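Fold and geometry: a report
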Amino acid sequence: MGNTVAREDFEWVYTDQPHADRRKEILAKHPEIKALMKPDYNLIWVVVLMVLAQLTAFYLVKDLDWKWVVFWAYVFGSCISHSMTLAIHEISHNSAFGNNRAMWNRWFGIFANLPLGLPYSISFKRYHMDHHRYLGGDGIDVDIPTNFEGWFFCTRFRKFIWIVLQPFFYAIRPLCINPKPITRLEIINLLAQLSFDLLICYLWGVKSMFYMLAGSVLGLGLHPISGHFIAEHYMFLKGHETYSYYGPLNMLTFNVGYHNEHHDFPNIPGKSLPLVKKIAAEYYDNLPQYNSWIKVLYDFVMDDTISPYSRMKRQLKGEVKQD
């Protein structure tokens, strides 16, 4: 339990990320993939149904015993909440209404954010675009853990705690690595969220409020779906920066597991990423891949050579443009 992992720093690389070059190669060989670069209008209705499902749950838990509120927050609420963060991920790429209606996507992201209880959508969009443009960029990509995380969470027990606390680190990491001025849309996101939270508390009480917040925190921490946080970019195999997952939980996560495909084609909605893999199978079938996010979490904790330091990191050169 107390074994310390060997890695003491990130894996610094001095090459560009592989996704842009692979995208050019694939499009040259399979130009039909361009037809998949269009909005997924079904996403709109799925998100609306998810919001309605959570509103129904808020009402149903208001008079339950506390033990059942906690139970349903983890068993049901956490799944919906984590799935909603990945719907917001889709919306951040303008997948709901298309690039020509970018602001429609921003407003819809604020709506999708409501049942999470904490303002998230607008800030996520700003930082997530940096993650795609400058994957692993030092001081830019806030998906990379801080040096403190890599240094401190270096034993099996501490790595387990790090997984439990992932929502906390994802919230504070941008403030430590790459703070940005607050925008008008972020203020609107905050005010809309506070108004919604107060309304839920007024209508149905503290148990509904607890269910909402606990579901979000639990769903993003020690939860099977949270395996995607580690599976996507943590370097279980030296030299491989991005990994895809092809297991059944993609059905709950808008195919975020198709992560090599997503970074190669971030303007293709998650619904169509399996088709990208099928069309360009020669590029993806032989890349390292996972079939279980639970096993990823287990291996991360138990493998003494893996830690938050197990990420590729780049010193960016030239002009950096951020949202």
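For clarity, every value in this text was computed on a predicted model and none was experimentally measured.

Reading the values: rules and limits
- Residues numbered from 1 in each chain as written.
- Predicted model: local features only at pLDDT ≥ 70, side-chain atom pairs only at ≥ 80, totals over all residues.
- Heavy atoms only, no water.
- Helix = DSSP H or I, 4+ residues; strand = E, 2+ residues; numbered from the N terminus.
- Expected span 1.5 Å × (residues − 1).
- Buried < 20%, exposed > 50% of the residue type's maximum accessible area, 1.4 Å probe, protein only.
- Contact = heavy atoms within 4.5 Å.
- Axes fitted to C-alpha atoms, helices over the stretch in contact; angles between N-to-C directions.
- Parallel < 35°, antiparallel > 145°, perpendicular 65-115°, else oblique.
- Left-handed = near helix turned anticlockwise from the far one by under 90°.
- Salt bridge = Lys/Arg side-chain N within 4 Å of Asp/Glu carboxyl O.
- Core = buried A, V, L, I, M, F, W, Y, C linked by side-chain atoms within 4.5 Å.
- UniProt positions renumbered as here; feature names shortened; annotations may be inferred.
- Nonpolar A, V, L, I, M, F, W, Y, C, P; charged D, E, K, R; others polar.

Here the focus is helix α5 (residues 121-133). Along its 13 residues, α5 runs 19 Å from first to last C-alpha, staying within 8% of the 18 Å computed at 1.5 Å per residue. Burial analysis of α5 places eleven of its 13 residues in the buried class, the great majority of the element. Every buried residue of α5 is accounted for by S121, I122, F124, K125, R126, Y127, H128, M129, D130, H131 and H132. Lining the buried residues of α5 we find α3 (66-92), α4 (102-113), α8 (166-177), α9 (184-204) and α12 (259-264).

To continue, consider unusual backbone geometry. One non-glycine residue, F254, lies in positive phi territory at about 55°. Structurally, F254 is set in the loop between β2 (244-245) and α12. Non-glycine residue N255 carries a positive phi angle of around 60°. Relative to the helices and strands, N255 is located in the loop between β2 and α12.

Here we come to the side chain of H128. Mapped onto the fold, H128 is located in helix α5. For H128, a relative accessible area of 9% corresponds to the buried category. In contact with H128, not counting residues within four places along its chain, are H89, S92, H93 and H262.

Before going further, it helps to spend a moment on the packing of α3 against helix α10 (residues 206-219). For the pair α3 and α10, interaxial distance at closest approach is 7 Å and the crossing angle is 50°. If you check the angle between α3 and α10, you find them oblique. Of the two elements, α3 crosses α10, and the hand of that crossing is right-handed. Only V206, K207, F210, Y211, A214, G215, S216, L218 and G219 of α10 make contact with α3, whose side of the interface consists of W66, V69, V70, W72, A73, Y74, F76, G77, S78, S81 and H82.

This part is about the pattern of salt bridges. A complete count under the given rule lists 15 salt bridges for this structure. Of the charged contacts, one joins E241 and R314 as a salt bridge, the two residues approaching to 2.6 Å between their closest N and O atoms. Of this pair, E241 sits in the loop between α11 (227-231) and β2 while R314 sits in strand β4 (residues 312-314); the two residues are 73 residues apart in sequence, bridging distant segments of the chain. Note on E241: relative accessible area 8%, which makes it buried. For R314, a relative accessible area of 7% gives the class buried. The shortest N-O distance in the salt bridge between D299 and K295 comes to 2.7 Å. Note that D299 and K295 are positioned in helix α15 (residues 293-302) at a spacing of four residues, about one turn of the helix.

The next subject is the nonpolar core. Residues V47, M84, W162 and I230 are the most contacted members of the largest nonpolar core, which totals 38 residues. For this core, the elements supplying multiple residues, two or more each, are α2 (42-60), α3, α4, α7 (156-164), α11 and α15. Excluding residues that lie within four positions of it along the chain, I230 makes contacts with W162, I163, Q166, F236, V296, L297 and F300. With 14 residues, the next largest nonpolar core counts L27, L36, Y246 and V276 among its residues.

Under the UniProt annotation, "transmembrane region" (unreviewed entry) lies at residues 43-61, 68-87, 107-124 and 187-205. The straight-line gap between the two end C-alpha atoms of residues 187-205 is 25 Å; of that span, 95% is helix and 0% is strand.

Attention now moves to the packing of α7 against α15. Put simply, α7 and α15 touch, their axes get as near as 8 Å, and they point 140° apart. Between α7 and α15, the crossing angle belongs to the class labelled oblique. Residue-level contacts link R156, K159, F160, W162 and I163 of α7 to L297, F300, V301 and M302 of α15. Grouping the constituent residues of the contact of α7 with α15 by class yields seven nonpolar, no polar and two charged.

Before going further, it helps to spend a moment on the environment of F10. Here F10 is to be found in the segment before β1 (11-13). Distance from F10 to L27, taken between C-alpha atoms, is 32 Å for residues 17 residues apart in sequence. Setting aside residues no more than four positions away along its own chain, F10 makes contact with I144, P145, T146, N147, P308, Y309, R311 and K313.

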